[in-house]
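Structure at a glance
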Amino acid sequence: MTAHPRAPSPTTFRAATAPPKEMEASVQRVIRATKDHSKFFEDAIPLIASENLLSPYGKELLISDLHSRYAEGLPGERYYEGNQWVDEIENECLSLARRLFRCNFADVRPISGTVANLAVLKAMTEPGSTIGSCRLADGAHISSASFGAFGLRGVKPVHYAFDTARMQLDVDATKKILLQERPKVCLFGLSLFLFPFPLGELQETLKEIGALGWYDGAHVLGLIGGGQFQDPLHEGCSVLSASTHKTLPGPQHGILLGQTEDADLVKKLQSAAFPGVTSNHHLNAMAALSVALAEHLAFGEEYARQTVANARALGQALSDRGFDVLCSDQGFTRSHTLAVRVEREGGGEPCSKLLVEAGIVTNKNLLPGDKSPKHPQGVRLGTPEVTRLGMKEREMERIAELFDLLLHRGKSAAEVREAARELKREFRTLQYCFGAGEPAYKYYDLVSRSS
Ligand SMILES: *Cc1c(COP(=O)(O)O)cnc(C)c1O
């Protein structure tokens, strides 16, 4: 049989080629943009609650040869050769993780917080299962949405009752919902995470309905590790999933932690991590994570304490200047995060845009009670990165002053940006890590350029 006349024969495909000079110019544009990006952040006041800075040793390991390698399976049971040292690194990483979180199970193969959540969903639920969770409008992460990981697994959320005045679960109403709906898994986690969950108060109810507690600590992992928030694995949750780059100042990666005697659950979590939701697990990031865990064991308590102290101080300083910071009657926050209602200042999007023009990086955020999801009335602020750079309560006053000048006193973005740069000048090196004092926003030139 002859081929269809219009079907291209394999030999008609020719590789696209372009002159090397043109392509090198393309590479240089990307490098230029990356350097400009780094320069912008070097001069800026970074207040994104989910962002942090990697330590010098962590960065060194990220660009090591580990980046080029594969390892599947667990230490000692690999599918590739040449993994002898990878095994050593992974064993070290696992033992540091278990030590930091005082638990008996860790898996460091999920490559992000969302991937860790997918692994838990695969291990602990079936399509069609009901699962207790918070609403997106109350601050839950997109992985709890039907258009996110929940939807991928096909689980049906049972939403808790949330007291928006306290930005906290309404315990009595939530108990009633749980007793009625009896989900087999209850997820506790938020992306606008101001206060610890009342896990102790719900523990009896979880037991009564036979539900497993699952804590998504993506935002607060470093605060938990530093002993400054709550201890979910010892307050009734069997599993903790998280990102490792928010309040834990590690590489972009994920982690699963557990405190359980249930060998079957452990097996399910491990096989969900691999081969369920990953093949290779980004060995360079795993090595950098080991550093972050070791540094958190050494410096994390102090770092986490200062991060929370800074958030509360920033809340107070903004409130003193007339900003509507949520939960003023509760000290604004017990975490690294603040929620500020900027309705009077023009709304979440106009404010966050003006702020970034002035070199202050935040994000617009929906607040409970917002009338339209398209017009969030909040901005979310976080102190992990400014704390990492050595800022303390005194600097929170200065940051609040910049907000006031820009959003209340009509100073131009250009003027405030100059003041922000001035403030940042003394805070551009990494703290709370080995090699403290190294530049935080350095670009590593590895290619020697002849020109
Ligand atoms: C950030 C976040 C995640 C996952 O984040 P990744 O970007 O995938 O690491 C999961 N859950 C919550 C609550 C988060 O805030």
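Residues numbered from 1 in each chain as written. Predicted model: local features only at pLDDT ≥ 70, side-chain atom pairs only at ≥ 80, totals over all residues. Heavy atoms only, no water.

Let's talk about the domain arrangement of the protein
Formally: As annotated, the domain borders come from an automatic or database domain assignment. By definition in these notes, contact holds between two residues if any of their heavy atoms fall within 4.5 Å. Note: buried area is the sum, over both parts, of the accessible area (probe 1.4 Å) each one loses when the two are combined. Any carboxyl oxygen of Asp or Glu within 4 Å of a side-chain nitrogen of Lys or Arg constitutes a salt bridge here. Residues adjacent in sequence count toward polar contacts only when both atoms are side-chain atoms; beyond that, a polar contact is any pair of N or O atoms within 3.5 Å, and within protein one must be able to donate a hydrogen and the other to accept it. Secondary structure elements follow DSSP: runs of H or I of four or more residues count as helices, runs of E of two or more count as strands, with numbering from the N terminus. Side-chain classes are defined by residue name, with Ala, Val, Leu, Ile, Met, Phe, Trp, Tyr, Cys and Pro counting as nonpolar, Asp, Glu, Lys and Arg as charged, and the others, Gly among them, as polar.
Each assigned domain of the protein is listed with its residue range as follows: domain 1 (47–54 + 299–424) and domain 2 (58–293). Taken over C-alpha atoms, the centre of domain 1 sits 27 Å from the centre of domain 2. Domain 1 puts 31 residues into the contact, and the matching count from domain 2 is 29 residues. Ranking the residues of domain 1 by area buried against domain 2 places Leu54, Arg334 and Pro368 at the top, with a combined share of 30%. Connecting domain 1 to domain 2 are 0 salt bridges. Applying the counting criterion to the domain 1 and domain 2 interface returns 9 residue pairs in polar contact (both at pLDDT 80 or more). Put simply, the parts of the chain that give the side of domain 1 that touches domain 2 at least two residues each are helix H10 (283–320), strand E14 (337–341) and helix H12 (384–388). Residue classes in the side of domain 1 that touches domain 2 are distributed as 15 nonpolar, 10 polar and 6 charged.

Examining the site of the ligand
To be explicit about the condition: In these notes, residues near a molecule or strand are those with any non-hydrogen atom within 4 Å of it. Areas reported here follow the Shrake-Rupley algorithm with a probe of radius 1.4 Å; residue values treat only the protein chains shown as occluding.
Close to the ligand lie 13 residues; Thr114, Ser191, Asp216, Ser243 and Lys246 are nearest. Between an oxygen atom of the ligand and a side-chain N or O atom of Ser112, the distance comes to 3.2 Å. The contact in question runs from a nitrogen atom of the ligand to an N or O atom on the side chain of Asp216, over 2.5 Å. The protein chains hide 86% of the 380 Å² of surface that the ligand would expose on its own. Examining the composition of the shell around the ligand, we find that 3 residues originate from one element, helix H4 (residues 113–124), more than from any other. Partitioned by chemical class, the residues of the shell around the ligand number 2 nonpolar, 9 polar and 2 charged.

So, the environment of Ala173
Assignment of secondary structure puts Ala173 in helix H6 (residues 171–181). Sequence separation between Ala173 and Pro19 is 154 residues; the distance between their C-alpha atoms is 67 Å.

What to know about the sheet that holds E14
Applicable threshold: The pairing criterion for strands is at least two bridges between them, as found by DSSP. For helices, the fitted line uses only the C-alpha atoms of the stretch in contact; every axis is such a line through C-alpha atoms, and the angle between N-to-C directions lies from 0 to 180 degrees.
The strand order across the open sheet formed by 4 strands is E13-E14-E17-E16, and the pairing between neighbours is antiparallel. Two strands in the sheet have a free side with no partner beyond their single neighbour: strand E13 (324–325) and strand E16 (363–365). Pairing of E16 with strand E17 (residues 378–382) involves 3 bridges; the strand directions are antiparallel. Looking at E17, one finds that Lys364 is bridged to Val379. Where H10 meets the sheet, its contacts fall on E13, E14 and E17, and the angle it forms with E14 comes to roughly 20°.

Focus: the nonpolar core
Convention followed: Residues grouped as a nonpolar core are buried Ala, Val, Leu, Ile, Met, Phe, Trp, Tyr and Cys residues, joined through side-chain atoms within 4.5 Å. Only protein chains enter the accessibility calculation, which uses a 1.4 Å probe. A residue is then buried if its area is under 20% of the maximum for its type, exposed if over 50%, and partly exposed in between.
Ranked by internal contacts, the top residues of the largest apolar core, which has 57 residues, are Phe188, Phe197, Tyr215, Leu257 and Leu293. Of all elements in the fold, only helix H3 (84–100), H6, strand E9 (185–189), helix H7 (199–209), helix H8 (221–225), strand E11 (239–243), strand E12 (254–258) and H10 reach the threshold of two or more residues within this core. Each residue touching Phe197, except ones within four places of it in the same chain, is listed here: Cys134, Gln168, Leu169, Phe188, Gly189, Leu190, Tyr215 and Gln230. In terms of nonpolar packing, the next biggest core, distinct from the first, is built from 43 residues, Phe332, Leu389, Ala400 and Phe403 among them.

Here we look at the sheet that holds E9
Pairing within the open sheet is mixed, and its 7 strands lie in the order E4-E12-E11-E10-E9-E5-E6. At either end of the open sheet lies a strand with only one pairing partner, and these are strand E4 (105–107) and strand E6 (156–159). Strand-to-strand twist across the sheet, computed as the mean angle between neighbouring axes with direction ignored, equals 25°. Alignment of E4 against E12, held across 3 bridges, turns out to be antiparallel. The residue of E12 that forms the bridge with Asp107 is Leu256. Across the face of the sheet, H3 comes into contact with E4 and E12 while running at roughly 135° to E4.

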